[in-house]
Amino acid sequence: MAKVLGMGNALVDIITRINDDSILDSFGLPKGSMTLVDLDTSNYIHSETAGMSKSKASGGSAANTIHGLAHLGIQTGFVGSVGNDDMGRFFKKDMEVNHINPILFRTMNETGRAIALISSDSERTFATYLGAAVDLTAEDISHEIFEGYDYFYVEGYLVQNREMLEKAIRLANHAGLKICLDLASYNIVEENREFFMSLISKYVDILFANEEEIVALNEKSPEKSAIEIQDQVELIVIKMGAEGSFYISGGEMVRIGVRPSNPVDTTGAGDLYAAGFIYGHIINHDPETCGKMGSILAGRVIELIGAKMDESHWENLRRELKSLAD
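Presented here is an overview of the structure given in this document. None of these values were measured; they are calculated from a predicted model.

Cut-offs used in this document
Residues numbered from 1 in each chain as written. Predicted model: local features only at pLDDT ≥ 70, side-chain atom pairs only at ≥ 80, totals over all residues. Heavy atoms only, no water. Helix = DSSP H or I, 4+ residues; strand = E, 2+ residues; numbered from the N terminus. Buried < 20%, exposed > 50% of the residue type's maximum accessible area, 1.4 Å probe, protein only. Contact = heavy atoms within 4.5 Å. 1 Å grid on protein atoms, 1.4 Å probe; cavity = no way out; pocket = protein on both sides within 12 Å on 5 of 7 lines; lining within 4 Å. Points joined across faces, edges and corners; volume = space filled by probe spheres on them. Nonpolar A, V, L, I, M, F, W, Y, C, P; charged D, E, K, R; others polar. Pairing = 2+ DSSP bridges. Axes fitted to C-alpha atoms, helices over the stretch in contact; angles between N-to-C directions. Arc of directions from axis to C-beta. Phe/Tyr/Trp six-rings, centres within 6.5 Å; stacked < 30°, edge-to-face > 60°. Lys NZ or Arg CZ within 6 Å of the ring centre and 35° of its normal. Core = buried A, V, L, I, M, F, W, Y, C linked by side-chain atoms within 4.5 Å.

Our next topic: the side chain of Asn161. Within the fold, Asn161 resides in the loop between strand S9 (151–155) and helix H5 (162–174). Asn161 sits in the buried class, given a relative accessible area of 18%. Contacts of Asn161, omitting those with residues within four sequence positions, involve Leu136 and Thr137.

So, in structure tokens, the structure goes:
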């Protein structure tokens, strides 16, 4: 079976439930966004939310997707950069425990962390200190990293190092891997529109985005934006939250509904959707079935706090996916 290599910002997620969205304003964080902060600001937000319910897990967008694929029985690896600290060791151990091959570079900076502030309506707002995650450089990326893999899944958040991101995608492309790019938060897409469009047109096979991100990329409605871009990729997949998703392939647009659920926290919904979709693609299902598999995973993870699920949930999900495939 095909193997998937992921690359992204290696972060430890600190999931924090907030009672009042006004605290987001006090931190200067637009609700629903991913905002980069420095270490002092990250520590300040962490201390100001000290009395709130919190949990910790290895995270980062691509890492969440790779975790999902690993739990579905796909052989996976992950490329990232962490610090030589307790959080870095926590991240590596979590990869290994979940049967993911960690290809981690260590630096002197502290391991990155993303404080995910979960509103009462389940929307999540990230204050992200990238730390050691941004120390991954073009010099770290070599042909050998991609040997033995068939898919390369990469997050758009890595755009802070354009040279490294483009080199990784180029080498993966040259090695014959299928390139899957998931766009970053809408504000990051707006700031890097031309660069993303260049990557997409040159290398990308499967493009994932949510409705805000695709609008930020092409400045039109999600449907019109996707239609205009779709001739540059094999598949374009747009995640529309409570409205489901749609994909366009070969000029055909197909809409996919959501899995009925009781949302608590939307953290990881898009990441797990991508895991389900890629899993379906690996086992040779049509894109509509792939989308339904993505919706099943996304619909389940939003019923829980954080982007990770325990084995009992995964066991049920594997059965659900198998019944859909049959």
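So, on to the layout of surface pockets. Take a probe with the size of a water molecule and roll it over the atoms, and the empty space left behind shows itself. Reported here for the largest pocket is a volume of approximately 1200 Å³. Along its surface, the largest pocket is lined by 50 residues, and Arg124, Asn210, Thr266, Ala269 and Gly270 are the ones closest to its centre. Looking at the lining of the largest pocket, the elements that each hand over two or more residues are strand S2 (11–17), helix H3 (61–71), strand S8 (124–129), helix H8 (211–218), helix H10 (269–282) and helix H11 (287–301). Taken together, the residues of the lining of the largest pocket sort by class into 16 nonpolar, 21 polar and 13 charged.

Reading across from one edge, S6-S5-S1-S9-S10-S11-S12-S13-S14 is the order of the nine strands in this open sheet, with mixed pairing throughout. The open sheet has two free edges, formed respectively by strand S6 (100–107) and strand S14 (252–256), since each of these has just one partner strand. Mean inter-strand twist for the sheet, computed between neighbouring axes without regard to direction, equals 15°. Relative to strand S12 (residues 235–239), strand S11 (residues 206–210) runs parallel, the two being bridged by five bridges. Across the sheet, the residue bridging to Leu207 is Ile236, located in S12. Contacting strand S5 (76–83) and S6, helix H4 (residues 86–97) runs over the sheet at an angle of about 165° to S6. Lying over the sheet, H8 contacts strand S10 (178–182), S11 and S12, oriented at roughly 110° with respect to S11.

Attention shifts here to helix H7 (residues 193–202). Of the positions making up H7, those classed as buried are Phe195, Phe196, Leu199 and Ile200. The arc that holds every buried residue of H7, seen down its axis, measures 135°, which confines them to one face. Seen from the open side of H7, the exposed residues pointing more than 90 degrees away from its buried face are Glu194 and Lys202. Looking at the buried residues of H7, the elements they touch are H5, S10, helix H6 (186–191), S11, H8 and helix H9 (222–229).

On to the environment of Asp205, then. Note on placement: Asp205 falls in the loop between H7 and S11. Through-space distance from the C-alpha of Asp205 to that of Leu181 is 8.1 Å; in sequence the pair is 24 residues apart. Beyond its immediate stretch of four places on either side in the chain, Asp205 contacts Leu177, Lys178, Ile179, Val233, Glu234 and Leu235.

Using the criterion set out here, one finds seven aromatic pairs in the structure. Here Phe27 and Tyr44 contribute two aromatic rings whose centre-to-centre distance is 6.0 Å and whose plane-to-plane angle is 85°, an arrangement assigned as edge-to-face. Residue Phe27 is located in helix H1 (residues 22–27), and its partner Tyr44 is located in helix H2 (residues 39–48); the two are separated by 17 residues in the primary sequence. Residue Tyr44 is classed as partly exposed on the basis of its relative accessible area of 43%. The interplanar angle of 85° and the centroid separation of 5.6 Å between the aromatic rings of Phe208 and Phe277 together place this pair among those described as edge-to-face. Highlighted residues: Phe208 in strand S11 and Phe277 in helix H10, separated in sequence by 69 residues. Across the pair, Phe277 and Phe208 agree in class, each one buried. Each member of the aromatic cluster is reached from another via a ring pair, and the members are Tyr153, Phe208, Tyr273 and Phe277. Above the plane of the ring of Tyr149 lies Lys3, whose end atom (NZ or CZ) is 5.1 Å from the centre. Positioned above the aromatic ring of Phe90 is the side chain of Lys56, whose terminal nitrogen or guanidinium carbon lies 4.7 Å from the ring centre.

Ordered by their spatial adjacency, five strands build an open sheet running S3-S8-S7-S2-S4, and the pairing between neighbours is mixed. Lying at the two open borders of the sheet, with one neighbouring strand each, are strand S3 (34–36) and strand S4 (54–59). Put simply, the sheet's adjacent strands are angled 20° from each other on average, direction ignored. Relative to S8, S3 runs parallel, the two sharing three bridges.

A few words on the nonpolar core. Counting 56 residues, the largest nonpolar core has Met7, Ile141, Phe146, Phe152 and Ile236 as the members making the most contacts within it. Here this core gets six residues from one element, more than from any other, and that element is H5. Among the nonpolar cores identified, the runner-up in size contains 47 residues, and Ile100, Val301, Met309 and Trp314 belong to it.

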